[in-house]
Amino acid sequence: MTETPAVTPSLAEGYEISADPDRIDAERVHRWLSTDAYWAIGRSREKQDRAVAGSLNFGVYETVAGDQVAYARVITDRATFAWLCDVYVDPSVRGKGIGTALVEAVREHLRPYGLRRILLATHDAHGVYEKLGFAPLEKPDQWMALVLDR
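Conventions used here
Residues numbered from 1 in each chain as written. Predicted model: local features only at pLDDT ≥ 70, side-chain atom pairs only at ≥ 80, totals over all residues. Heavy atoms only, no water. Pairing = 2+ DSSP bridges. Helix = DSSP H or I, 4+ residues; strand = E, 2+ residues; numbered from the N terminus. Axes fitted to C-alpha atoms, helices over the stretch in contact; angles between N-to-C directions. Contact = heavy atoms within 4.5 Å. Left-handed = near helix turned anticlockwise from the far one by under 90°. Nonpolar A, V, L, I, M, F, W, Y, C, P; charged D, E, K, R; others polar.

*Asks:* Where do I start with the sheet that holds strand β5 (residues 117-119) in this structure?
*Replies:* Paired through backbone hydrogen bonds, the strands of a sheet run either parallel or antiparallel to each other. Sheet architecture is open: five strands sit in the order β1-β2-β3-β4-β5, paired in mixed fashion. The open sheet has two edge strands with one neighbour each: β1 (15-18) and β5. Going from strand to strand, the sheet's axes swing by 20 degrees on average, the running direction of each strand aside. The sheet contact formed by strand β3 (residues 68-76) and strand β4 (residues 81-89) spans six bridges and is antiparallel. In the sheet register, R73 faces β4, and the bridge partner there is C85. Its contacts with the sheet put helix α2 (residues 45-53) on β2 (56-62), β3 and β4, and the angle it makes with β3 is roughly 65 degrees. Contacts from helix α3 (residues 98-110) reach β1, β2, β3, β4 and β5 within the one sheet, and its direction differs from that of β3 by about 35 degrees.

*Asks:* Please clarify how the packing of helix α1 (residues 26-36) against α2 should be interpreted in this entry.
*Replies:* The packing of two helices is summarised by the inter-axis angle and the distance between the axes. Put simply, α1 and α2 touch, their axes get as near as 10 Å, and they point 115 degrees apart. Here α1 runs over α2; the crossing is right-handed. Judged by residue contacts, A26, E27, V29, H30 and L33 of α1 engage R45, Q48 and D49 from α2. Split into classes, the residues belonging to the contact of α1 with α2 amount to three nonpolar, two polar and three charged.

Following this line, the structure appears as structure tokens:
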């Protein structure tokens, strides 16, 4: 499923959201994540390209210039589960609600799949996600992780 989700009412004028993987500016996304995202600092371009290839990818673009200003990636089986990750908004457009609109568009894009849950991890953006219905795990003691790459 690569169609563009409907633009959400909360997206600032002059921007559009697309789930078209061909629109992703892979070089820009890699630069953002590998140099400025605490969870992906130092991630290689090859690893980033593999991650993009195996995921649903979303971008926010300036409508006039077409430049990408935000990114989000979803790993999903399209039936029961999704992991939202690599959500990044360029510092030059932060504070315009672009991140919130992007996550809202991702949520709505995934809704028809009938997923049981969408998970994410964040160190510093709880408020963005809580506005859209995300909440801390009710029973975190039931979840485990196998960390392979430190």
